[in-house]
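Here are the chains, one letter per residue:
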Amino acid sequence: MPSRPSPDTHRAKVVALVQRKGGSGKSTLAVNLAAVSGQNNPPENEGDPCPVAAAGIDSQGSLEDWSARVPGDRLPFDYVVTKGRIGEIPDLVQDPAVKRVFVDTPGFMETDPNAPMDADPLGTGPAAKAMEEVLEHTDLALVPLTPDWLTHRPAEFTIERVLKPRGVKFLVVINMWDSGNDREKDGVRPELHKLREWCRERGYPFAAQAIRRYKIHAKAPEYGLTVIQYPESGTALRAREDFYKLALTVEQNL
Ligand SMILES: Nc1ncnc2c1ncn2[C@@H]1O[C@H](COP(=O)(O)OP(=O)(O)O)[C@@H](O)[C@H]1O
Ligand SMILES: [Mg+2]
């Protein structure tokens, strides 16, 4: 019979969404991955806490605002309001009821542009401390990359200056892929190909499944929905397929 992990040996796995550029999909990916993971890891008994937690250290509170709009009985994960407080993530990781923690992080644009290349770009200050704490506990960082060229350099910066120096394992996730307009030429989707080549040239591992761009994703926070609750349609199925496959890749990398 499987026994519950004891508090001394137990350690929940932490997946953090990290990318310097805002608007690349960190919050969208954090909430929907937590939803899929929560659906796959329901509480053992009714009334037990969810084994999947989501936390946002973003002072904008996107993850909390969104999660709060989803009716409680439909939300397959617990979310934790950290407001950037130190100590919340280590507590979650030690909590014997928690198996997975998905962390949404803010962009960290307020870095000193004149700092030397070998300086730590997180700097000091409360936001930096919260970020530091998350990175210390991160088992896998996901770095969203979109067809918007302006996300490319920040992704590289995030990987080279923040993740690699700390030895944090990472995967690039291609998000907002416009599959409908990315017409196949000689069996290749040019836009997707370009993004994958960008990763290959730099030796960055990337998730095979790109997350497609669908309007419903942008409406979901307002409607209080996560990808597992989208009203049935072809789009909803494809949107879910993207996240199910990505969730599987994430699990394989933990
Ligand atoms: N795959 C997608 N398809 C459509 N819209 C998306 C997708 N991913 C993100 N968005 C939208 O793009 C905007 C930025 O995404 P968000 O997750 O808030 O980024 P970040 O947290 O990195 O700032 C939001 O309005 C979000 O709904
Ligand atoms: Mg966000």
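Keep in mind that what you see is a predicted model, and the values were worked out from it rather than measured.

Considerations on the overall build of the protein chain
Scanning the protein chain from N- to C-terminus turns up eight helices and six strands. Written out in order from the N terminus, the α and β elements of the protein chain read β-α-β-α-β-α-β-α-β-α-β-α-α-α. The globule rule puts the C-alpha radius of gyration for 254 residues at 18 Å, and the 18 Å found for the protein chain is close to it. Buried residues in the protein chain amount to 48% of all 254 residues. Here the analysis covers contacts within the protein chain between residues at least 6 apart in sequence; of these, 78% occur between residues at least 24 apart. Surface summary for the protein chain: the accessible area is close to 12700 Å², and the carbon and sulfur share equals 51%. Each charge class in the protein chain can be summarised by its mean position, and for the 32 positive and 36 negative side chains these summaries are 5 Å apart.

Considerations on the site of ligand 1
The environment of ligand 1 is made up of 15 residues, and the closest members are Gly23, Lys26, Ser27, Thr28 and Asn175. Within the backbone of glycine 25, one N or O atom sits 3.0 Å away from an oxygen atom of ligand 1. Within the backbone of tyrosine 214, an N or O atom sits 3.1 Å from a nitrogen atom of ligand 1. Alone, ligand 1 offers 550 Å² of accessible surface; in the complex the protein occludes 77% of this. Mapped by element, the contributors of at least two residues to the shell around ligand 1 are α1 (26–40) and α7 (215–223). The greatest single-element share of the shell around ligand 1, amounting to three residues, is contributed by α1. In terms of residue class, the shell around ligand 1 is made up of four nonpolar, eight polar and three charged.

Description of helix α8 (residues 234–252)
Along its 19 residues, α8 runs 27 Å from first to last C-alpha, staying within 8% of the 27 Å computed at 1.5 Å per residue. Among all positions of α8, only Ala236, Ala239, Arg240, Asp242, Phe243, Leu246, Ala247, Thr249 and Val250 are buried. The inward-facing, buried residues of α8 abut β1 (13–17), α1, β5 (140–145), β6 (170–174) and α7.

As for the pairing of strand β2 (residues 52–56)
The element β2 is largely enclosed, with a buried count of five among its five residues. Burial along β2 is two-sided: Val52, Ala54 and Gly56 and Ala53 and Ala55, pointing in opposite directions, are all buried. Of the pairings in the sheet, the one linking β2 to strand β4 (residues 100–104) comprises five bridges and is parallel in character. Within the sheet, the bridge partner assigned to alanine 53 lies in β4 and is valine 101. Where β2 lies against strand β3 (residues 78–81), four bridges are found, and the strand directions are parallel. Pairing of glycine 56 across the sheet is with valine 81, part of β3. For the segment spanning β2, helix α2 (residues 62–69) and β3, crossover handedness is right-handed.

Cut-offs applied
- Residues numbered from 1 in each chain as written.
- Chains lettered and ligands numbered in written order.
- Predicted model: local features only at pLDDT ≥ 70, side-chain atom pairs only at ≥ 80, totals over all residues.
- Heavy atoms only, no water.
- Helix = DSSP H or I, 4+ residues; strand = E, 2+ residues; numbered from the N terminus.
- Rg over C-alpha atoms; globule rule 2.2 N^0.38 Å.
- Buried < 20%, exposed > 50% of the residue type's maximum accessible area, 1.4 Å probe, protein only.
- Contact = heavy atoms within 4.5 Å.
- Areas by Shrake-Rupley, 256 points an atom, 1.4 Å probe, with all protein chains shown as cover.
- Lys, Arg positive; Asp, Glu negative; His and termini not counted.
- Charge placed at Lys NZ, Arg CZ, Asp CG, Glu CD.
- Near = heavy atom within 4 Å.
- Polar contact = N/O pair within 3.5 Å; in protein donor to acceptor, adjacent residues only side chain to side chain.
- Nonpolar A, V, L, I, M, F, W, Y, C, P; charged D, E, K, R; others polar.
- Expected span 1.5 Å × (residues − 1).
- Pairing = 2+ DSSP bridges.
- Right-handed = clockwise from strand over helix to strand, strands pointing away.

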